[in-house]
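Chains, contacts and geometry: an overview
The residues making up each chain are set out below.
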Amino acid sequence: MQYERFEFQQPEWGEVNVLRVGDTLVDTGHVAPVSRDAVREAVEDGPLAGVERVLHTHPHIDHVGGSQTVDALAELPHLVPAGAVDLLYGYTDYLRRAREEMTRLLAGFGATDSQWDRYFPIESYAEERIEVTRELTDGDTVELGGESLTVVSTPGHADPHLAFHHEPSGTLFSGDLVDPSGRFQYGPLLGDVGAYVESLRRVRALDPDVLVPMHGPAMDDPDARIERALADVERTVDRLLTHRADGPFLVREFVVEELGIDDFRVGYVTLTMYEYLRYLERRGECTVRVADDGIHVE
Ligand SMILES: [Zn+2]
């Protein structure tokens, strides 16, 4: 399966891919100027020139940025996950809610507004001007670069989230489901660890030969990657439940003392652990309480 991969810088957290498959762009980079200016340039007079439509894997800020900020992209026909349209058309509101949620969860951290300003810049976006022509659901077929691919609903990292399967070549465009780190990746308001596990199992059953993720290069060992991701969930759940068995705790302290993380990653890992704990709470294994001094597990 032919495709071209282009990496664009995002604020704070490395790069994000934009793929070109024939005349279609898969995702459009981060909203922030560092990414969107480069995307705009590539569309106007570079390797992305001549694209005729856009396909979204999921509505996270580093995947729909060009659609929200580059007029030439906003006006192209968009194929987006069903369930993403309201979010895309109210993106400023989504970013505001995302910032509020992260501020609430990181109470007691001293996280500053400026961090959110950099990663979740709120200004005027294309929003309603994005030309959505088709909403995709599980089992649909999309034509990409002259090939037929099957849409695979894969929520967890985000809901909605889609992967695209080209069975003849064993290629799975896997969005952000299988991260190169092998770990569940937090994103505000749209994550669900239980759904993530189900989606990993579902993708494993498709038995792909190559995963094309939206961060980093293609992975030619899908089985090992998926097993590693599933094992990481199991290990993380075990650690949280073992710790809970010793009594109530504060998530921030678990991250520092149990996971040994005390640098700039503390906030992000705390948010990730919060998603795990919500999953465990739904299973009836603990109670999570967000307070002014942090997230308590009881
Ligand atoms: Zn994402």
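It should be emphasised that the depicted structure is a prediction, and the values quoted were computed from it without experimental measurement.

Before going further, it helps to examine the overall build of the chain. When you go through the chain residue by residue, the secondary structure sums to 10 helices and 14 strands. Against the compact-globule benchmark of 19 Å for 298 residues, the chain has a radius of gyration of 19 Å, which places it among compact chains. A principal-axis box enclosing the C-alpha atoms of the chain has dimensions of 60 × 40 × 30 Å. Scored against the burial criterion, the 298 residues of the chain give a buried share of 55%. Taking all contacts inside the chain whose residues are at least 6 apart in sequence as the whole, residues at least 24 apart take part in 65%. Approximately 12,600 Å² of the chain is accessible, and the part contributed by carbon and sulfur atoms is 44%.

What follows concerns the pairing of strand β1 (residues 4-9). Alignment of β1 against strand β2 (residues 15-21), held across six bridges, turns out to be antiparallel. Across the sheet, glutamate 7 pairs through a bridge with asparagine 17, a residue of β2. What sits between β1 and β2 in their antiparallel hairpin is a turn of five residues, with glutamate 12 showing a positive phi close to 75 degrees.

In this approach a probe as big as a water molecule rolls over the atoms, and the regions it shows empty are the leftover space. Space inside the largest pocket adds up to approximately 1,300 Å³. What lines the largest pocket is a set of 48 residues, among which Trp13, Gln185, Tyr268, Val269 and Thr272 lie closest to the centre. Elements with a minimum of two residues in the lining of the largest pocket: α5 (91-105), α6 (113-119), α8 (222-245) and α10 (266-282). Here the lining of the largest pocket gets eight residues from one element, more than from any other, and that element is α10. For the lining of the largest pocket, the per-class residue count stands at 23 nonpolar, 13 polar and 12 charged.

Of the protein atoms, only His58 (NE2), His60 (ND1), His157 (NE2) and Asp176 (OD) coordinate the zinc ion, at distances of 2.2 to 2.3 Å. Around the zinc ion sit four donor atoms; with metal-centred angles ranging over 87 to 179 degrees, the donor geometry is irregular. Counting the intervening residues between successive donors of the zinc ion yields the motif H-x1-H-x96-H-x18-D. In this pair, histidine 58 is assigned in the loop between β4 (53-55) and α2 (65-69) and histidine 157 in the loop between β8 (147-153) and β9 (162-166), connecting sequence segments 99 residues apart. For the pair histidine 58 and histidine 157, a shared accessibility class is recorded, and that class is buried.

Each assigned domain of the chain is listed here: domain 1 (4-229) and domain 2 (240-297). On a C-alpha basis, the centroid separation for the pair domain 1 and domain 2 is 27 Å. The largest share of the area that domain 1 buries against domain 2 comes from Leu105, Phe109 and Tyr186, three residues that together contribute 35% of it. Connecting domain 1 to domain 2 are one salt bridge. Across the pair arginine 282 and aspartate 192 runs a salt bridge whose closest N-O atoms are separated by 3.0 Å. When residues of the side of domain 1 that touches domain 2 are assigned to their parent elements, the largest contribution, four residues, is made by α5. Looking at the side of domain 1 that touches domain 2, its residues break down into nine nonpolar, four polar and three charged.

Parameters at a glance
Going along each chain's sequence as written, the residues are numbered from 1 onward. pLDDT decides what is reported in this predicted model: residues at 70 or higher carry local features, side-chain atom pairs at 80 or more are listed and counted, and totals for whole chains, interfaces and linings draw on all residues regardless. Excluding hydrogens and water, the side-chain values take into account all heavy atoms of the structure. Only runs of H or I of at least four residues qualify as helices and only runs of E of at least two qualify as strands under DSSP, and these elements are numbered from the N terminus. Within these notes, the globule rule equals 2.2 Å times the number of residues to the 0.38 power, and the radius of gyration is based on C-alpha atoms. Only protein chains enter the accessibility calculation, which uses a 1.4 Å probe; a residue is then buried when its area is under 20% of its type maximum, exposed when over 50%, and partly exposed in between. Residue contacts follow a heavy-atom distance rule, with two residues in contact if any of their heavy atoms lie within 4.5 Å. Per-residue and other accessible areas follow the Shrake-Rupley method at a 1.4 Å probe size, with only the shown protein chains counted as cover for residues. A strand pair is defined by DSSP finding two or more bridges across the two strands. Space inside and on the surface of the protein is sampled on a 1 Å grid over the protein atoms alone, with a cavity defined as a set of points where a 1.4 Å probe fits but cannot get out and a pocket as an open set with protein on both sides within 12 Å along at least 5 of 7 lines; lining residues have an atom within 4 Å of a point. Grid points are joined across faces, edges and corners, and a volume is the space filled by probe spheres set on the points. Gly falls in the polar group here, along with every residue not listed as nonpolar (Ala, Val, Leu, Ile, Met, Phe, Trp, Tyr, Cys, Pro) or charged (Asp, Glu, Lys, Arg). Donor criterion used throughout: N, O or S atom within 2.8 Å of the metal, extended to 3.2 Å for Na, K and Ca. Water excluded; incomplete-looking sites may result. Sites are called tetrahedral only when four donors show all angles between 85 and 135 degrees, square planar or octahedral only when four or six donors show opposite pairs over 155 degrees and all other angles between 65 and 115, and irregular in any remaining case. For each domain, the first and last residues come from an automatic or database assignment. Defined here as a combined quantity, buried area equals the accessible surface (1.4 Å probe) lost by two parts on assembly, summed across both. Put simply, a salt bridge is a Lys or Arg side-chain nitrogen that is within 4 Å of an Asp or Glu carboxyl oxygen.

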